[in-house]
Amino acid sequence: MQFSWILITFLCLFLGTFGDVDLKLLVDSLQPDPKCVFNHTEVTSQTIKSFPKCATVYGIIVINSNTDLSMAQLKKSFKNMTSLVGGISVEGSNQTSLSFLTPDAEYDMFSFMCKYYGFKIENNPYFTDISVLNSFVEFPDESFNNCNFKFSNNSELDLEKFCDGYLFNNLMNLETKGNLKDCGCQGDVLSLKQYQNCTSIYKGLQLYNISDLSDIFSLSNIQTIRGYIDIQNSNIQNLSFMPNLQFFKVYAEKEVVFNLQDNPQMTRLDIPVLEEIENLNIQTLALTTANFENLHPDFCLSHEEFKFLSLYVNFINLHAKLCPMPKDDAPCAFESMEKLHDYCEIVSGNMIIESGDEEYTSKLTSLKYLYGTLTIKNTVLENFSFLSKLSFIAYLDDTQPVIRILSNKNLTNPKIGSRLINIFTKSIENRQAIIQDNHSDIFLATNQTCNLFGNTTDNAIIYRRSLNYTGGDCARAVISTTLQTQIMKFALCCLAIIGCANAQFSATAQAAIVKAHNDLRSAIAKGTYDAAGTIEPPAANMRKMKWDTTVAASAQKYANLCPDDHSGYPDLGENLYWSWSSSAPTSLDKFGVAASQSWEQEFQDYGWYSTTLDEDTFNSGIGHATQMAWAETNLIGCGVKNCGRDASSSNMYKVAVVCQYKSAGNMIDGDIYQPGDTCSFCSSGFTCETASGLCA
């Protein structure tokens, strides 16, 4: 299929209502080919006569009580449309399903850009089936999180089986109410008691002006929050009323995603089992921003909370301190380098390394966490290799610069630990580093860049550890990498004024990669797959794979490093592929399918003799293929990088491909799949797709 994609660089449009004004706004904004525009917002036997024959249609499709067409007639009229830019509303109709929408036959995909108008199914008394949504994929530079999905007052529609599916699982703006069965709860309800039986919340959690806390533990069953957390002007003391909260998913744009503000009684964070803060917006992974401001003067974060937050967020304000720690785990208190204990992982206090302290720097080779400032002055040090394990700095006073590097006349490599991923300060406005009167070639190792941390392609880390660099040494540097520069770069990136994504697979290549995986999985599921002469038994639980933009962003980030080994990212499976050629590649898209074919070929080269991944099976050389075939994996995302000439391979051009998988496969002694009748044992939230034999 030839996809008809559009490129949108900057559109700040508000979600409108369905109508002629909205259609005009859509057409004026995107200026599509007129023959591909549906110029009516109500589908009837008269308006359907002018429905475009294009693969990609621009329009707002409204099916209601005036729609005098049967399901078969609708399906026939829409048969060429496999992509829609606009919106869909099915309201007050006699329709029973969405099967009038037809996914592309080859890739089983229906591309949908609903950013401006949303998707709503309301007041349809006979509506029972929305399974076609399992084939929905986003347009490039678009996410379903940008639009509202609304299902309300459809008395026969059971949404429960879709709630944990691919699409619904990552939606932020999902509203379901008044159906036979609904998904989760809304985060903007007025009464806390309404959360009593909720395990998931959509549209975030907003708690404002709460003084009566008698019902606060109605939130105790919440496991997942999709959307921002915003708690202001309350008497809440901590967040322990959500003891089961494990997942916090956001679609961050420019706003603060986690806001605790003006809560004068709040002394602790206390979310004991929170596992992840996940930003599903690829364009703003670097701007997952929190604000903890104007809380109780004794508000503190535990060391474990600092470690957790360092992985996911940067702060506009962090009005906090380190909570007291048990004596056996307490930080080493800094008085001087001479008095500092050997091999401390955690140090508290403003650390000063000065003339005569060079002999003690070996004490810092285990240092990972510094709660205080760092000053290195008047030494004969040439580098700071003793700080190679430093992970974060937390300085929450803001009366001094965070880092001072002064008068170190031999210093030619100022890098402070390539592992440093975050710098916490009380305010984003006070993140100063002074670099003054050191060796004239101090930035030789950083390509004459005023930079203390070296280079990385991870924009989130660049942003979280950015500082305002000042001092004469920075003034001489060719490039001044200041905090303001980073903020401007990433703010513009969020607004899509400049691009911040590296080269990546096109939508067509993404679909081809998914197809290569699902073709293999379908053959296995049906019991027709021949692995080096052995027909494998059919699979009872083989899931259908979908492309996931968040997983793809992670894979692309790692591919950008031109890796030679696995990333070790937790909770993700991973396959790697490299290709070398004597000429520079003109297109990277072909390498996705080439990688997939190479991994599957392992089954043909080495055979496949067990559906359980014992160590003998894993070590037989089929580890990439078994990840492709792992039944419980249903999300895939891949990245690609042209690494240029590779000196280690006769100066040939090298391309790296990284595919990551969720849930991760290749668990030793785990089942690659469960043998049995084809898709007879699909997990909750998945249904058997007869044509493919996969659980979709």
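Residues numbered from 1 in each chain as written. Predicted model: local features only at pLDDT ≥ 70, side-chain atom pairs only at ≥ 80, totals over all residues. Heavy atoms only, no water.

Per an unreviewed UniProt entry, the protein goes by the name SCP domain-containing protein and belongs to Caenorhabditis remanei.

1. Considering the overall build of the protein
For the protein, the helix and strand inventory stands at twelve helices and 39 strands. Counting only residues that meet the buried cut, the protein has 54% of its 696 residues in that class. Excluding contacts between residues fewer than 6 apart, the proportion of contacts in the protein whose partners are at least 24 apart in sequence is 70%. Within the structure as shown, the protein displays about 29,300 Å² of accessible surface, and the carbon and sulfur contribution to it stands at 48%. (Helix = DSSP H or I, 4+ residues; strand = E, 2+ residues; numbered from the N terminus. Buried < 20%, exposed > 50% of the residue type's maximum accessible area, 1.4 Å probe, protein only. Contact = heavy atoms within 4.5 Å. Areas by Shrake-Rupley, 256 points an atom, 1.4 Å probe, with all protein chains shown as cover.)

2. Regarding the nonpolar core
Core analysis: the biggest nonpolar cluster contains 50 residues, and Leu207, Leu219, Leu239, Phe258, Leu269, Phe292 and Leu309 have the highest contact counts within it. The residues that make up this core include at least three from each of domain 2 (215-322) and domain 3 (328-470). Each residue touching Leu269, except ones within four places of it in the same chain, is listed here: Asn238, Leu239, Ser240, Phe258, Leu260, Phe292, Phe299, Cys300, Leu301, Glu305 and Leu309. (Core = buried A, V, L, I, M, F, W, Y, C linked by side-chain atoms within 4.5 Å. Domains from an automatic or database assignment.)

3. Looking at the sheet that holds strand 21 (residues 346-348)
Taken together, the five strands give an open sheet; going across it, the order is 20-21-23-25-27, and neighbouring strands pair in parallel fashion. Strand pairing shows two members of the sheet lacking a second neighbour, strand 20 (332-333) and strand 27 (422-425), which therefore form its edges. Pairing analysis gives four bridges linking strand 25 (residues 392-395) to strand 27, with the strands arranged parallel. Across the sheet, residue Ile393 finds its bridge partner in strand 27, namely Ile423. (Pairing = 2+ DSSP bridges.)

4. As for the state of the cysteines
Applying the stated criterion across every chain yields a total of nine disulfides. Put simply, Cys562 and Cys643 are joined by a disulfide, and their sulfur atoms are 2.1 Å apart. With the S-S dihedral at roughly -110°, the linkage between Cys562 and Cys643 falls on the left-handed side. Here Cys562 is found in the loop between helix 9 (549-559) and strand 35 (573-581), whereas its partner Cys643 is found in strand 36 (residues 635-646), with 81 residues between them in sequence. (Disulfide = S-S within 2.5 Å.)

5. Notes on the pairing of strand 14 (residues 258-263)
In the sheet, strand 12 (residues 229-232) pairs with strand 14 via four bridges, with the strands oriented parallel. Each residue of the ladder has a partner; that of Gln232, found in strand 14, is Gln261.

6. Quick look at the sheet that holds strand 16 (residues 289-295)
Strands pair in a sheet through their backbones, by hydrogen bonds, and they do so in one of two ways: parallel or antiparallel. Within the open sheet, the five strands sit side by side as 10-12-14-16-18. Their pairing is parallel. Two strands lie at the open edges of the sheet, namely strand 10 (205-208) and strand 18 (314-318), each paired on one side alone. Averaged over neighbouring strand pairs, the angle between their axes works out to 5° when direction is ignored. (Axes fitted to C-alpha atoms, helices over the stretch in contact; angles between N-to-C directions.)

7. Focus: the environment of Thr534
The residue Thr534 is located in strand 33 (residues 534-535) in this model. Classification of Thr534 as partly exposed rests on a relative accessible area of 29%. Each C-alpha atom of the pair Thr534 and Trp608 lies 7.6 Å from the other, and the pair is 74 residues apart in sequence.

8. Thoughts on helix 9
Helix 9 sits mainly inside the fold: nine of its eleven residues count as buried. Structurally, helix 9 contributes buried residues whose contacts are with strand 15 (276-279), strand 34 (546-547), strand 35, strand 36 and strand 37 (652-662). Put simply, Asp548 is the residue that caps the front of helix 9, since its side-chain oxygen is 3.1 Å from the backbone nitrogen of Thr550. (Polar contact = N/O pair within 3.5 Å; in protein donor to acceptor, adjacent residues only side chain to side chain.)

9. Notes on the confidence of the model for the protein
Chain-level pLDDT for the protein is 85 on average; 88% of the residues reach the 70-or-more range. Contacts of residues 478-502 to residues separated by more than four positions or lying in other chains number 50 contacts, the stretch itself having pLDDT below 50. (pLDDT = per-residue confidence, 0-100.)

10. With respect to the pattern of salt bridges
Taken as a whole, this structure holds 14 salt bridges when the rule is applied. Between Lys307 and Glu304 there is a salt bridge, and its shortest N-O distance comes to 3.6 Å. Highlighted residues: Lys307 and Glu304, both in helix 4 (residues 303-310), separated by three residues, approximately one helical turn. Taking the relative accessible area as the measure of exposure, Lys307 reaches 28% and is therefore partly exposed. (Salt bridge = Lys/Arg side-chain N within 4 Å of Asp/Glu carboxyl O.)

11. Details of the side chain of Thr288
Relative to the elements of secondary structure, Thr288 occurs in the loop between strand 15 and strand 16. A polar contact of 3.2 Å, which involves the side chain of Thr288, links it to the side chain of Asn279.

12. Section: the packing of aromatic side chains
One pass over the structure, following the stated rule, counts 25 aromatic pairs. Grouping aromatic residues by their ring pairs yields a cluster made of Phe248, Phe258, Phe292, Phe299, Phe306, Phe315, Tyr369, Tyr371, Phe392 and Phe424. (Phe/Tyr/Trp six-rings, centres within 6.5 Å; stacked < 30°, edge-to-face > 60°.)

13. What to know about the pairing of strand 4 (residues 119-122)
As paired elements, strand 2 (residues 83-91) and strand 4 share four bridges and run parallel to each other. Each residue of the ladder has a partner; that of Ile88, found in strand 4, is Phe119. Of the strand pairs in this sheet, strand 4 and strand 6 (residues 149-152) are connected by four bridges, and their pairing is parallel. Within strand 6, the residue paired with Glu122 across the bridge is Ser152.

14. Describing the environment of Thr102
Considering the arrangement of structural elements, one finds Thr102 in the loop between strand 2 and strand 3 (110-113). Measuring from C-alpha to C-alpha, the distance between Thr102 and Lys79 comes to 6.0 Å, with 23 residues separating the pair along the chain. Ignoring any residue separated from it by four or fewer positions in sequence, one finds Thr102 in contact with Lys75, Lys79, Met81, Thr82 and Phe110.

15. A look at helix 10 (residues 590-606)
When the terminal C-alpha atoms of helix 10 are compared, their 25 Å separation across 17 residues agrees well with the 24 Å that a helix rising 1.5 Å per residue should span. The sharpest bend along helix 10 reaches about 25° and sits at Glu600. Inspection of helix 10 places Phe591, Gly592, Ala595, Ser596, Trp599, Glu602 and Phe603 among the buried residues, and these make up the whole buried set. The inward-facing, buried residues of helix 10 contact helix 8 (507-525), strand 32 (530-531), strand 35, helix 12 (623-629) and strand 37. (Expected span 1.5 Å × (residues − 1). Bend = angle between axes of the 7 residues up to and from the residue.)

16. Remarks on the environment of Glu278
Residue position: Glu278 is located in strand 15. Residue classification places Glu278 among the buried positions, given a relative accessible area of 9%. Here the alpha-carbon distance between Glu278 and Ala252, two residues 26 residues apart in the chain, equals 9.4 Å. When residues no more than four places from it in sequence are discounted, the contact partners of Glu278 are Phe248, Lys249, Val250, Thr550 and Lys662.

17. A few points about the packing of helix 8 against helix 10
Two numbers describe how helix 8 lies on helix 10: the axes approach to 8 Å, and their chain directions differ by 20°. By the angle between their axes, helix 8 is roughly parallel relative to helix 10. Crossing hand, helix 8 versus helix 10: right-handed. Within the contact between the two elements, helix 8 uses Ala512, Ile513, Ala516, His517 and Leu520 and helix 10 uses Gly592, Val593, Ser596, Trp599, Glu600 and Phe603. (Parallel < 35°, antiparallel > 145°, perpendicular 65-115°, else oblique. Left-handed = near helix turned anticlockwise from the far one by under 90°.)

18. A few points about unusual backbone geometry
For the peptide bond that leads from Lys662 to Ser663, omega is 0°, which places it in the cis range. Positionally, Ser663 belongs in the loop between strand 37 and strand 38 (688-689). Residues other than glycine seldom take positive phi values, yet Tyr343 does so here, at roughly 55°. Structurally, the position occupied by Tyr343 is in the loop between strand 20 and strand 21. Classification of Tyr343 as exposed rests on a relative accessible area of 55%. Located in the positive-phi region is Cys679, a residue other than glycine, with phi close to 40°. We classify Cys679 as buried; its relative accessible area is 8%.

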